[in-house]
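# Tertiary structure, described
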Amino acid sequence: MNRVTIAVSCPMDFHYYPADTQRCDFDLKSYGHTEDKLKLIWRENYGANFAYPVDLQNYYVGLDNQKQFVAKTLSGRTYSGLRYTIILTRKLSYHMLQTFLPSIVLVVVSWLSFLISLDAVPARAAVVMTCLLTLISMFSSVRQSTPNVSYVKAMDIWMVVCVFFVFSTLLEFTVALKIRAKKLKPKVQTKNLLIIEDSEIGKTKLEGGPSFGKNIPPGQPSPSDSRSKNEEIVQKLEFISSIGIPALFLLFNIIFWPWLIIGSQYNSHIDDTTRIDTEKVELFTNNNNNKFD
């Protein structure tokens, strides 16, 4: 019995990365003999199996044995063949601990800025900016270890959304400061000027000039009223943002995780994968050794 070592390639699909499952098909078929001269079948219908248990750190490994098939050529000839499929289902535990949980913590920490007063501008800006820069740095390192493909992966969607929610917290803080600093300027009402000559003093007087200082025309808002209105708008914006942004992130998680697990059929691939039984492997190896002795 001769042992042959071969190197093969397998087309992979990373749309649901890191919950992806790769199925690598291996075909064994005749090259020069047609089906009527050579027919390939699994011995004792046992099929292919691993010679020893395979345990990869980042994958669940399984084997799917399919029945023999017939390959047809353009000339009409048919060739017998066999196929087995190696199933590689990526383990989520690594990315859950290294990517998903830390990014969720950073997004939640950025929401703590809502508890800081707007008067503490340096403290509040430092919290949000630290979370944003840390998140971007973490995702940059994650992308270096992810497959480089031209389409969008599930990991890319997660990274973009997390950065967006932290940035939205910073954007809300900026808008709140802008509204708070905005003042309503009262309009200056001009009146007709009337020149009166005072014969006794020998000087002229102006009457009906513009109003300045504290003499605000009726119907115009005072600076204190403007500040109170701006404070009310800012308080409403802070309250809505402190509830709305976390609620939207929670809604995103409710949609994202079922889509990732169900869309990729992650659990079904793990359940349907043929588990490698040590006793079965040893029995298969012993039977082969006995037959070739």
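For the structure itself, consult the block above.
Throughout what follows, the structure given in this document is the object of discussion. (Residues numbered from 1 in each chain as written. Predicted model: local features only at pLDDT ≥ 70, side-chain atom pairs only at ≥ 80, totals over all residues. Heavy atoms only, no water.)

## Structural notes on the environment of Tyr 79
Here Tyr 79 shows up in strand E4 (residues 78–90). C-alpha of Tyr 79 to C-alpha of Gly 32: the two residues are 47 residues apart in sequence and 8.4 Å apart in space. (Helix = DSSP H or I, 4+ residues; strand = E, 2+ residues; numbered from the N terminus.)

## A word on the pattern of salt bridges
Pairing between side chains becomes possible if they bear opposite charge and their charged atoms approach one another. Scanning the model with the defined rule gives 10 salt bridges in all. Residues Arg 124 and Glu 172 are paired through a salt bridge, measuring 3.4 Å at the closest nitrogen-oxygen approach. With Arg 124 in helix H2 (residues 121–145) and Glu 172 in helix H3 (residues 154–181), the pair connects residues that are 48 residues apart, well separated along the chain. When its relative accessible area of 0% is taken as the criterion, Arg 124 is described as buried. The class for Glu 172 is buried, based on a relative accessible area of 6%. Where Glu 238 meets Arg 124, a salt bridge forms, and the shortest distance between an N and an O atom there is 2.9 Å. You can see Glu 238 sitting in helix H4 (residues 223–263) and its partner Arg 124 sitting in helix H2, a full 114 residues away along the chain. Residues Glu 238 and Arg 124 agree in their burial class; the two are buried. Here the salt bridges share partners, and the residues they tie into one network are Asp 119, Arg 180 and Glu 231. (Salt bridge = Lys/Arg side-chain N within 4 Å of Asp/Glu carboxyl O. Buried < 20%, exposed > 50% of the residue type's maximum accessible area, 1.4 Å probe, protein only.)

## A few points about the packing of aromatic side chains
Counted according to the given criterion, the structure contains 16 aromatic pairs. An angle of 55 degrees between the planes, with centres 6.2 Å apart, marks the rings of Trp 158 and Phe 249 as tilted. With Trp 158 in helix H3 and Phe 249 in helix H4, this pair connects stretches of sequence that are 91 residues apart. Within the aromatic cluster, the residues linked to one another by ring pairs are Tyr 16, Phe 100, Trp 111, Trp 158, Phe 164, Phe 165, Phe 249, Phe 252, Phe 256, Trp 257 and Trp 259. Just above the ring of Tyr 60 sits the side chain of Lys 91; from NZ or CZ to the centre is 5.3 Å. (Phe/Tyr/Trp six-rings, centres within 6.5 Å; stacked < 30°, edge-to-face > 60°. Lys NZ or Arg CZ within 6 Å of the ring centre and 35° of its normal.)

## Details of the pairing of E4
Burial analysis of E4 places 11 of its 13 residues in the buried class, which makes it a mostly covered element. Sheet analysis places strand E1 (residues 21–29) next to E4, joined by nine bridges and oriented antiparallel. Residue pairing across strands places Lys 29 opposite Gly 81, the latter belonging to E4. Sheet topology places strand E2 (residues 59–65) next to E4; seven bridges connect them, and they run antiparallel. Note that in E4 the partner of Gly 62 across the bridge is Ile 87. (Pairing = 2+ DSSP bridges.)

## Observations concerning the packing of helix H1 (residues 93–111) against H2
Following both chains from N to C, one finds H1 and H2 inclined at 165 degrees, their axes separated by 9 Å at the closest point. Between H1 and H2, the interaxial angle falls into the category roughly antiparallel. Helix-helix and strand crossings are classified by hand; for H1 and H2 the assignment is left-handed. The segment H1 lies against H2, with Gln 98, Thr 99, Pro 102, Ser 103, Leu 106, Val 109 and Ser 110 engaging Val 127, Val 128, Cys 131, Thr 134, Leu 135, Met 138, Phe 139 and Val 142. Its residues assigned to classes, the contact of H1 with H2 shows 10 nonpolar, five polar and no charged. (Axes fitted to C-alpha atoms, helices over the stretch in contact; angles between N-to-C directions. Parallel < 35°, antiparallel > 145°, perpendicular 65-115°, else oblique. Left-handed = near helix turned anticlockwise from the far one by under 90°. Contact = heavy atoms within 4.5 Å. Nonpolar A, V, L, I, M, F, W, Y, C, P; charged D, E, K, R; others polar.)

## A word on H2
A rise of 1.5 Å per residue sets the reference length of H2, with its 25 residues, at 36 Å; its end C-alpha atoms lie 37 Å apart and thus fit the reference within 8%. Buried within H2 are the following residues: Arg 124, Val 128, Cys 131, Leu 132, Leu 135, Met 138, Phe 139 and Val 142. (Expected span 1.5 Å × (residues − 1).)

## Examining the packing of H1 against H3
For the pair H1 and H3, the least separation of the axes is 9 Å and the interaxial angle reads 15 degrees. Considered as vectors, H1 and H3 are oriented roughly parallel to each other. Between H1 and H3 the crossing geometry is left-handed. Facing His 95, Thr 99, Phe 100, Ser 103, Ile 104, Val 107, Ser 110 and Trp 111 of H1, the residues of H3 in contact are Met 155, Trp 158, Cys 162, Phe 165, Val 166 and Thr 169. Of the residues that constitute the contact of H1 with H3, the class distribution is nine nonpolar, five polar and no charged.

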